[in-house]
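# Structural overview for review
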Amino acid sequence: MFNLLKRLVSKKNSTKEKGELLGSDIQRNLDRIKEIFINANDIVIRAFRVGSYRKIKASIVFIDGLVDTGALNEHIIKPLVSDIRLTQPNLWLTNKQIFRLAKEQVLSVGNLQEVESLEDVVSRILSGNIVLFLDGIPTAFTSSLQGWEARGIEEPETEAVVRGPREGFTETLRTNTAQLRRKIKSPNLKFEIIKVGRETQTDVCVTYIKGIANDKVVEEVRRRIKSIDTDSILESGYIEQFIEDGPFSIFPTVGNSEKPDVVGGKLLEGRVGIITDGTPFVLTVPFLFIEAFQVSEDYYSRPYYSTLVRWFRFIAFFFSIFSPSIYVALTTFHQEMIPTPLLVTMAASKEGTPFPALVEAIVMGVIFEILREAGVRLPRPVGQAVSIVGAMVIGEAAVSAGLIGAPMVIVIAITAISSFVVPVISDAGAVMRLFLVIMSGFLGQFGLMLGVTGILTHMVSLRSFGAPYLSPVAPTTISDLKDLFIRAPWWAMTTRPRVIGWKDPIRQGFRLMPEPPDDDEND
Amino acid sequence: MLEDGKITCRQIIYLIFLSRIIITFTYLPISDTPPRNQDVWISELLSFPVHMLLVLPVYILSQRFKGCSIIQASEIIFGKIGKIIGAMYTWFFLHMTAIVLRQFGEFLSSVPYPETPIIVFISSITLFAAFALRNGLEVISRVGEIVTPIVIGSIVLVVALVAKDMDLKVLKPVLEGGFIPVLYGGFIVATRTTEILFISMLLPYLNRRKLAKRVILVSFILLTILAPIITISVLATFGVQQTLNRTFPFFSTIRIISVANFLERIDALHLGIWVLGVFVKVAIYYYLTVLGAAQVLNLKDYRSIIIPIGTIIISLSILIADSQLQLREFISYKYSLWYALFFILALPLFMLIVSALRGKGMDLK
Amino acid sequence: MKRWLALVLIVMVTMTTCGCWSRRELDTLGVVMGMGIDRAKEDGKISLTIQILKPAEAKKGTTGEGVWTITSSGYTVFDAFRNATMQSERELFLSHNKVIVIGEELARAGIAPLVDFLDRAHEPRRLSYFVIAKGEAKDIILAEHEQESIPAKAIENMIKLYGDTSMAASVNLHEFLKMLASKTTDPIASRIELIGAEGMEREEDSQKRLRLTGAAAFLSDKLVGWLNRSETRGFNWIVGKVKSGIIVVKSPIDESQYVSIEIIRASSKIIPEIQDGKVSVTVKINQEGNFKEQMSNVNLTQPELFSSLERRQAEVIRNEIDAVLQKAQKEWGADIFGFGEAVRREFPKVWKGLEERWHDEFQNVEVRVQVDAKLRRTGVISTPAKSR
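Residues numbered from 1 in each chain as written. Chains lettered and ligands numbered in written order. Predicted model: local features only at pLDDT ≥ 70, side-chain atom pairs only at ≥ 80, totals over all residues. Heavy atoms only, no water.

### Structural notes on a nonpolar patch on the surface
Residue and element names in this part refer to chain A. Together, Tyr305, Leu308, Trp311, Phe312, Ile315, Phe318, Phe319, Ile326, Ile410, Ile414, Phe485 and Ile486 give the surface a local cluster of nonpolar side chains, amounting to about 1100 Å² of exposed area. Going through the elements one at a time, helix H11 (303–332) and helix H15 (406–419) are the ones with two or more residues in the nonpolar patch. With respect to the helices and strands, Ile414 occurs in helix H15. (Patch = residues over 30% accessible without salt bridge, like charges linked within 9 Å, V, L, I, M, F, W, Y side chains within 5 Å. Areas by Shrake-Rupley, 256 points an atom, 1.4 Å probe, with all protein chains shown as cover. Salt bridge = Lys/Arg side-chain N within 4 Å of Asp/Glu carboxyl O. Helix = DSSP H or I, 4+ residues; strand = E, 2+ residues; numbered from the N terminus.)

### Some points on the packing of aromatic side chains
With the rule as written, the count across this model stands at 48 aromatic pairs over all chains. For the ring pair Phe251(A) and Phe289(A), a centre distance of 6.0 Å and an interplane angle of 85° mean the geometry is edge-to-face. Here the residue Phe251(A) occupies a position in the loop between helix H8 (236–243) and strand E8 (255–257), and Phe289(A) occupies one in the loop between strand E10 (282–285) and helix H10 (296–300), the gap between them amounting to 38 residues. Accessibility classification places Phe251(A) together with Phe289(A) in one group, the buried group. Pairing Phe176(C) with Phe218(C) gives two aromatic rings, centres 5.4 Å apart and planes at 75°, and the pair type is edge-to-face. One end of the pair, Phe176(C), is in helix H8 (residues 173–181); the other, Phe218(C), is in strand E8 (residues 209–219), and 42 residues separate them in sequence. Neither residue differs from the other here; Phe176(C) and Phe218(C) are each classed as buried. Through pairs of rings, three or more aromatic residues link up here, namely Phe333(A), Phe446(A), Tyr27(B), Phe104(B), Phe107(B), Tyr113(B), Phe121(B), Phe248(B), Phe251(B) and Trp274(B). Here the guanidinium or amino end of Arg224(A) rests over the ring plane of Phe465(A), the centre of that ring lying 4.1 Å away. (Phe/Tyr/Trp six-rings, centres within 6.5 Å; stacked < 30°, edge-to-face > 60°. Buried < 20%, exposed > 50% of the residue type's maximum accessible area, 1.4 Å probe, protein only. Lys NZ or Arg CZ within 6 Å of the ring centre and 35° of its normal.)

### Observations regarding the interface of chain C and chain B
Listed by partner, the interface residues are 29 residues for chain C and 35 residues for chain B. Overall, the association of chain C and chain B removes approximately 2900 Å² of surface from exposure, summing both partners, and the carbon and sulfur fraction of that is 56%. Where chain C packs against chain B, one counts 4 salt bridges. Between Glu176(B) and Arg344(C) there is a salt bridge, with the nearest N and O atoms lying 3.1 Å from each other. Across the chain C-chain B interface, the total number found is 12 residue pairs in polar contact (both at pLDDT 80 or more). Broken down by secondary-structure element, the contributors of at least two residues to the side of chain C that touches chain B are helix H1 (2–18), H8, helix H11 (339–346) and helix H12 (348–354) of chain C. (Contact = heavy atoms within 4.5 Å. Buried area = accessible area lost by both parts, 1.4 Å probe. Polar contact = N/O pair within 3.5 Å; in protein donor to acceptor, adjacent residues only side chain to side chain.)

### Describing the pairing of strand E2 (residues 56–63) of chain A
Residue and element names in this part refer to chain A. Burial within E2 is extensive, with 7 of its 8 residues counted as buried. Relative to E2, strand E1 (residues 43–50) is paired through 8 bridges, and the arrangement is antiparallel. By the bridge assignment for E2, Ile45 is matched with Val61. As consecutive antiparallel partners, E1 and E2 are separated by 5 residues, and within that stretch Gly51 has a phi angle of approximately 125°, a positive value. Note that E2 and strand E4 (residues 130–134) share 4 bridges and pair antiparallel. Bridge pairing in E4 places Val61 opposite Val131. (Pairing = 2+ DSSP bridges.)

### Re the interface of chain A and chain B
Taken together, the 30 residues of chain A in the interface contact 32 residues of chain B. Taking both partners together, chain A and chain B bury about 2700 Å²; carbon and sulfur atoms supply 73% of that area. Among the residues chain A hides against chain B, the three largest losses belong to Met337(A), Phe446(A) and Thr457(A). Together they make up 22% of the total. One can count 1 salt bridge joining chain A with chain B. When the shortest N-O distance is used, the salt bridge between Glu138(B) and Arg463(A) registers 3.5 Å. Counting across the interface, chain A meets chain B through 8 residue pairs in polar contact (both at pLDDT 80 or more). Element by element, the count of residues in the side of chain A that touches chain B is highest for helix H16 (residues 426–461) of chain A, at 15 residues. Split by residue class, the side of chain A that touches chain B holds 18 nonpolar, 10 polar and 2 charged. (Nonpolar A, V, L, I, M, F, W, Y, C, P; charged D, E, K, R; others polar.)

### Considerations on the environment of Gly225(C)
Residue and element names in this part refer to chain C. Looking at where Gly225 falls in the secondary structure, it is placed in strand E9 (residues 222–227). When its relative accessible area of 5% is taken as the criterion, Gly225 is described as buried. Along the backbone, Gly225 and Glu104 are 121 residues apart, and their C-alpha atoms lie at a distance of 9.9 Å. Setting aside anything within four residues of it in sequence, one finds Gly225 in contact with Arg108, Ala215, Ala216, Ala217 and Trp332.

### A look at the nonpolar core
The biggest cluster of nonpolar side chains holds 180 residues, and the ones touching the most others in it are Ile21(B), Leu202(B) and Tyr287(B). If one sorts the elements of this core by residue count, helix H11 (residues 267–296) of chain B sits on top with 20 residues. Composition of this core by domain shows at least three residues from each of domain 2 (173–298) and domain 3 (300–461) of chain A. Non-local contacts of Ile21(B), meaning those with residues more than four positions away in its chain, are made with Val151(B), Ile155(B), Leu223(B), Leu226(B), Ala227(B) and Ile230(B). Judged by nonpolar contacts, the second largest core, of 82 residues, contains Phe339(C), Val343(C), Trp351(C) and Val371(C). (Core = buried A, V, L, I, M, F, W, Y, C linked by side-chain atoms within 4.5 Å. Domains from an automatic or database assignment.)

### What to know about unusual backbone geometry
Of note, the bond from Val285(A) into Pro286(A) is cis; its omega dihedral lies within 30 degrees of zero at -10°. Cis geometry marks the peptide bond from Ser471(A) to Pro472(A), where omega comes out at 5°. Among the structural elements, Pro472(A) can be located in the segment after strand E12 (467–468). Phi angles above zero are rare outside glycine, and Ser220(C) is one such case at about 55°. Among the structural elements, Ser220(C) can be located in the loop between E8 and E9. Even without glycine at this site, Asp276(C) takes up a positive phi of about 50°. Within the secondary structure layout, Asp276(C) lies in the loop between strand E11 (258–275) and strand E12 (278–294). Since its relative accessible area comes to 83%, Asp276(C) is described here as exposed.

### Considerations on the domain arrangement of chain C
All names here are of chain C. In terms of domain boundaries, chain C breaks down into domain 1 (26–227) and domain 2 (236–388). For domain 1 versus domain 2, the separation of C-alpha centres amounts to 31 Å. If you look at the interface, domain 1 gives 22 residues, while domain 2 gives 20 residues. Seen at the junction of domain 1 and domain 2, the total is 0 salt bridges. At the boundary of domain 1 and domain 2, one finds 12 residue pairs in polar contact (both at pLDDT 80 or more). Of all the secondary-structure elements, those providing two or more residues to the side of domain 1 that touches domain 2 are E8 and E9. No other element matches the 4 residues that E9 contributes to the side of domain 1 that touches domain 2. Taken together, the residues of the side of domain 1 that touches domain 2 break down into 10 nonpolar, 8 polar and 4 charged.

### Things to note about helix H14 (residues 333–358) of chain B
Residues and elements named next belong to chain B. With 26 residues, H14 extends 35 Å between its outermost C-alpha atoms, agreeing within 8% with the 38 Å of an ideal straight helix rising 1.5 Å per residue. Along H14, the sharpest kink reaches roughly 45°, centred on Phe342. Just beyond H14, the residue with positive phi is Gly359, at close to 70°. (Expected span 1.5 Å × (residues − 1). Bend = angle between axes of the 7 residues up to and from the residue.)

### Let's talk about the sheet that holds E4(A)
In sheet architecture, strand pairing relies on hydrogen bonds along the backbone and comes in two forms, parallel and antiparallel. Residues and elements named next belong to chain A. Here we have 5 strands laid out as an open sheet, ordered E1-E2-E4-E5-E3, and antiparallel in their pairing. Among the strands making up the open sheet, the edge pair consists of E1 and strand E3 (112–115). If you compare each strand with its neighbour and ignore which way they point, the axes differ by 25° on average. Helix H2 (residues 26–36) contacts E1, E2 and E4 of the sheet and is inclined by roughly 20° relative to E2. (Axes fitted to C-alpha atoms, helices over the stretch in contact; angles between N-to-C directions.)

### Describing the side chain of His334(A)
For His334(A), the position within the fold is in the loop between H11 and helix H12 (340–350). Assessed through its relative accessible area of 3%, His334(A) is described here as buried. Beyond its immediate chain neighbours, meaning those up to four positions away, His334(A) contacts Ala329(A), Gly444(A), Gln445(A), Pro112(B), Tyr113(B), Ala268(B) and Leu271(B).

### Points about the packing of helix H9 (residues 212–244) of chain B against H8(C)
Here H9(B) crosses H8(C) at 40°, and the two axes come no closer than 9 Å. The orientation of H9(B) with respect to H8(C), classified from their angle, is oblique. Every pair of crossing elements has a handedness; the one defined by H9(B) and H8(C) is left-handed. Together, Ala236(B), Thr237(B), Phe238(B), Gln241(B) and Gln242(B) of H9(B) and His174(C), Leu177(C), Lys178(C) and Ala181(C) of H8(C) make up the contact between the two elements. (Parallel < 35°, antiparallel > 145°, perpendicular 65-115°, else oblique. Left-handed = near helix turned anticlockwise from the far one by under 90°.)

### A word on the pattern of salt bridges
Residue and element names in this part refer to chain C. Within the structure shown, the criterion is met by 69 salt bridges over all chains. The closest approach of N and O atoms between Arg318 and Glu315, which form a salt bridge, is 3.6 Å. You can see Arg318 and its partner Glu315 sitting in helix H10 (residues 303–332), 3 residues apart, about one turn around the helix. A relative accessible area of 27% places Arg318 in the partly exposed class.

What follows is the structure in structure tokens.
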């Protein structure tokens, strides 16, 4: 992997037009660097001499805090200062010879590269590499001895699972690629680094499996990322908004995950991942609507339960989008739909409440969203208290004060709970919910269905990197229904999703169903 | 090309099927036609061979002029005069859109929302259809792909739920009025299927052109299976006399549903399905109008005329009839039979003969 | 994009400014639970009594207080309805109507004009029960009930329970209209009446209790007469609507003692025949019963006694059928059984000549009754506790 990376980088170096080149005079080079890093007091320039008989000046430049100083001392400075004398004690060495000696015999680090331009040197220093200058040589060594304080690998909170790997991505790009590499040990797994952001110079890594991912999609991802011209990328959300297909849409067309197994699974289906340095959220494209309902644990549990749970997710999604609008439509337009005993109860609790059902629904919806936001932002223990107490007090008090009918509170509670079941599209859900409530408040079921047709039309017109958003429902792909309304057992999942993995559609052999051994021969 | 989208075999089948069945979902036009007794469902079965015959001219024409809609073909055959035929077809689609919209609005204004002016329904659904049109044929057909299984599913559900109220004895005696009226009924059913013209307009956009035959067969087989199911369920629930005097027979059937004293009065469900289905039907007819107009006028892009044509459609659907009665009179078989036959059969046949005589035919592939 | 935004805005504005025509909040609705239609005192007018839900009271469940009642009159049913709204502070809403009660006097004058509104308007439901009151419909609507807080609901539940005896007709508007629309079948409806003072402890209760007492038979759309309870079961046997019920027969050993047999299932078949231009109908009844009670102290659970019980059981059924046939066919000439339809289905060619004069022909139709009655199980004991 490192070789690959090195090749990629060196290729980039050779092809790219360079700015100012390094000179042979070490002092001049160091002066330039000091000039660039003026007032940046975290820069360290360590000067020393190298050589056995004839000593030449050398300097190591790095940023304090980004470099593993122990390794630096052990593998760079100590060999250069002392070991070089042991290997060639009595020779008169020229600068060039020392340079080659250092490169080939002395420096005991894995990734050692040579850079020639000042721009490269600066960017290496900034990304936590050390740069070693030798006097008289217009080339500098660089080695990535990054060793900053980083968060360890933890279980991500957003995607907790009962069964499945508990590791999550971290903020460090290299750790993340390593985690993916550990999952997929194939030379076809590619990582391509693109630097984005004029000021932040963020490493963005496009990852895919060659031969499975659609080359056109990979190329399109590269093109879109490269065309981002911004000063900063602080989180993958920046990239998402720069590359998504439906910038005005309420639906996400780029997926994200914090878990290596999820991203690995998606890569294996033919998707392309985008890892951004500095955030544990890895983007995946193309993103289909159905992915919001496919949770990694579905694939680890046995199929019946997974299918059942997936259906509950669909139902919960339905509730979270439709229950307030259906309630409004039923109570203000289609009272005949309500079973008579229920009508009696509902009408009784409606007696004396001042607001129309539509207003009730909107107000309660807004209050719920505020409570949720408050619960998320406050420190965790306080947040929970706020949300629970808030909901109970407001719900209970509003009902007993006769401001709002009790059924409305139940409806909002159902909506709220259901909206947490499918978190990926809960933000789109909130917008849809409001839209549909308003539509059904004006024209009842007709308005509601009109709103649904509008949303449907919008959804089928969406594409994510060429893949129709509602695939495999529309356009229908029969073979992909195995992972839609049901989750087929693994031995039956013979093909990859057609709109994504069509390049190499066969995932595994047929007839993999486990069977008891054939006993005929023993008889 | 005016339209870059491609549609699949399944999508075009669904469009034809849905567009035909959704009217039956509320109006049951068969109750107006001979034989006017319990044999109407046989008429619907018999309509299948008639459908096949009626499709022939359109199908042969589209095979002869591959990659051309019937409007473009007419221009190739007749030159400038062909534009008149193209304009006639555009008018036909326009008129059909207006009729569908009016039927839709009439239902909404007579049952669930008697106080609301009909123009609200007509214009709002036209607007949403225009939104779909802006996104092209692919989007309309994909919406159709989602809606059709829902429609089929709800038909099956409704039939299963009213099964206990059905009395299949009403279907006897079979062929009470003799065979001729039943056959005539089958003929009328088939001529109502103006969706035959979809084939002439949409085949150029089929992604696998070879499957054209399958499209025709499967869509009409589907229709021939489901339409009698609806008719029989209505007949068996209401008896012959009551079926014939219903304005909205299948809707009335849904109102009869009562399961365990809880699942009653589910007409809003019917309303929902009806809105979804009619939306697709309006969208596709509206689309054909716009596409036809663009082809006649040789436009590069049809998006600019979506709104103007939509306005025309809305006003036409209001002006088309003063009352529900007038509308019903017009779309009853006495008039619409000849009107539709002219466009489905007479004109394509005429074009076919002329093109054969002039020896014109081409393959744009 | 801007244009589309503008369009969406226009739609939103039009919807907010002129939408909401059909909007009604729940607390503006007067939910009609039951209605009674009578002839008004004034000439040619219809008097309508409607029972309106009071949700808060109904939820509390206080007996009979969940509703209040309005009486109004008008030239048509709908007219009377709209006149009723002038006494109601809420808009009347018909979709949850449970029962429609028609007064006897009006039913005798012809019922077809009354039901047109109920069939044509979109609010009323065809699932409401259709009941003919012996006497005035208003009294039925105003009757009191011990348990149910909504009287119309009580009537509905009474009709739903008809299957326990099968001695009442259970007809909803849908079925009634189907029979009414038929060219030959005459309709039938439930019959309900106030019962008298006997058995009531308090004086004021005595006049206000309801009881289902069989069925009301029509000729065309006019009420011709009443069927009592056993005649109604006779009717139910023929049309196959017997669900359950008790057949009481005399014990084969001791004629002074009774045995009750519970009907488990029953079905019927109407087979029309035509011989020499003469129509005859065979009614085949298949019935299964369980031996449920005996009042004598002998052991009746012996095969030969069982078959004797079966014969007696069949005899009871046959008597009930004969009674209703006597009344409907010979006395009124009302084809409430649908024999005409059956003949039409079997012999469509002959029927063409028969259709016009069916009602005359019907009275001469020979009806053969074949009853196949079975006794299946003895219950959880065989001999009575105190047996000889």
